[in-house]
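Summary of structural features
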Amino acid sequence: MAASPASVESVIRPLGSCLTKLGFEVYPLKVGWYNSVLPPSLHLPYPDDTLAVVVLSTPAMFEQAFLPFLEQRGIQKPCDPVDQCVRDCVSTAVSQSFSELKVDVRYDYELLPSRKPKFLAQTAAHVSGAAFYYQQSDVTDQPWAGKKMFGVCIHPSFGGWFAIRALLVFEDVTVGSELVQPAPPDCVPSREDRIKLLEAFNFRWQDWSYRDIVPPAQTYSERQKEYFSTAPALRLALLRTWG
Ligand code: GSH
């Protein structure tokens, strides 16, 4: 497909129209934005101007896609219903919208033979402008005495109440200067709040308080909270109690 200003729109519009109603969001990026912040061993093997799209699930995904998916399909073995649902939604949207295009679809749960993740989800979200990836290095004068602190992405509308699900690389779509890199909204600008965020995420992630570091427009429903706070091995039993 030739490079043209319509290329980004002609990918994002049909993809968004399939996936938004299912509770997902889609953000375009150039492969070069992603590769430029990573060491060569983690690069995506495509030219810098190749179009990619990062797919996030918002709180609505659970009710709009996941529960209907379970209702229709039942639970298949091996039992990874969330991953199955995301794969079903994304692959249906891709095959319906782009039967002519080569799309390399990488899911957050997939590993390469080297055991490295197929893509770094938080980096992709950050460079696309979808969600700021707060890392240890974003805190000046760190109080943690050399301890490793994991970073976390915060979405401007949903705080931590979202998940990064997939990266789609449109192998034959190249984009030029018409796609301008947006800065992700820095919704946790102060050092104090960044410390609070990283400590809540690293030391108390199970209480989910880090997700409320900014007032979220929407959080997970009580049912969704119950589902994700249940160990995966016990979720089937939980689903049965819901009938
Ligand atoms: N592989 C299992 C499945 O497919 O059902 C588990 C999936 C799962 O629980 N994924 C987590 C998730 O969706 C990690 S991404 N969490 C939602 C969240 O933490 O916001």
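Now for a look at the structure at hand.

1. Overview of the site of the ligand
All residues in the neighbourhood of the ligand are listed as Asp 80, Pro 81, Val 82, Asp 83, Asp 108, Phe 162, Arg 165, Arg 211, Tyr 220, Phe 228 and Arg 235. Within the backbone of Val 82, a nitrogen or oxygen atom sits 3.0 Å from an oxygen atom of the ligand. Measuring from an oxygen atom of the ligand, one finds a side-chain N or O atom of Arg 211 at 2.8 Å. Per element, the largest residue contribution to the shell around the ligand is three residues, and it comes from helix α4 (residues 81-97). In the shell around the ligand, the residues fall into five nonpolar, no polar and six charged.

2. Topic: the packing of helix α3 (residues 61-73) against α4
The interhelical angle for the contact between α3 and α4, taken along N-to-C directions, is 100 degrees, at an axis separation of 10 Å. The angle between α3 and α4 falls in the class roughly perpendicular. Facing α3, whose interface residues are Met 61, Ala 65, Phe 66, Phe 69, Leu 70 and Arg 73, α4 presents Pro 81, Val 82, Gln 84, Cys 85, Val 86, Asp 88 and Cys 89. Across the contact of α3 with α4, the residue classes tally to 10 nonpolar, one polar and two charged.

3. Examining the side chain of Thr 230
Of note, Thr 230 is situated in the loop between α7 (222-228) and α8 (232-242). Thr 230 sits in the buried class, given a relative accessible area of 17%. When sequence neighbours within four positions are dropped, the list of residues in contact with Thr 230 reads Arg 235 and Leu 238.

4. Considerations on the nonpolar core
Leu 15, Leu 19, Ile 164, Leu 167, Leu 168 and Phe 170 are the most contacted members of the largest nonpolar core, which has 65 residues in total. Apart from residues no more than four positions distant in its own chain, Leu 167 is found in contact with Leu 29, Leu 44, Ala 52, Val 53, Val 54, Asp 104, Val 105, Arg 106, Phe 119 and Ala 124. Judged by nonpolar contacts, the second largest core, of 15 residues, contains Tyr 134, Val 139, Ile 195 and Leu 197.

5. A closer look at helix α6 (residues 191-204)
If you check α6, its first and last C-alpha atoms are 19 Å apart, about what 14 residues at 1.5 Å a residue would give, namely 20 Å. Within α6 the residues assigned to the buried category are Arg 194, Ile 195, Leu 197, Leu 198 and Ala 200. Contacts from the buried residues of α6 go to β4 (132-134) and β5 (152-154).

6. Focus: the sheet that holds strand β3 (residues 103-107)
The strands making up a sheet associate through hydrogen bonds between their backbones, and the pairing can be parallel or antiparallel. Strands sit in the order β1-β2-β6-β3 across an open sheet of four strands; the sheet is antiparallel. Looking along the sheet, the strands with just one partner apiece sit at the ends: β1 (24-30) and β3. Here the average twist between neighbouring strands, direction ignored, is 20 degrees. When strand β2 (residues 50-57) meets strand β6 (residues 163-174), the two strands line up antiparallel, connected through eight bridges. Bridge pairing links Val 55 to Ala 166 in β6. Against the sheet, α4 engages β1, β2, β3 and β6, with an angle of about 165 degrees to β3.

Basis of the calculations
Residues numbered from 1 in each chain as written. Predicted model: local features only at pLDDT ≥ 70, side-chain atom pairs only at ≥ 80, totals over all residues. Heavy atoms only, no water. Near = heavy atom within 4 Å. Polar contact = N/O pair within 3.5 Å; in protein donor to acceptor, adjacent residues only side chain to side chain. Helix = DSSP H or I, 4+ residues; strand = E, 2+ residues; numbered from the N terminus. Nonpolar A, V, L, I, M, F, W, Y, C, P; charged D, E, K, R; others polar. Axes fitted to C-alpha atoms, helices over the stretch in contact; angles between N-to-C directions. Parallel < 35°, antiparallel > 145°, perpendicular 65-115°, else oblique. Contact = heavy atoms within 4.5 Å. Buried < 20%, exposed > 50% of the residue type's maximum accessible area, 1.4 Å probe, protein only. Core = buried A, V, L, I, M, F, W, Y, C linked by side-chain atoms within 4.5 Å. Expected span 1.5 Å × (residues − 1). Pairing = 2+ DSSP bridges.

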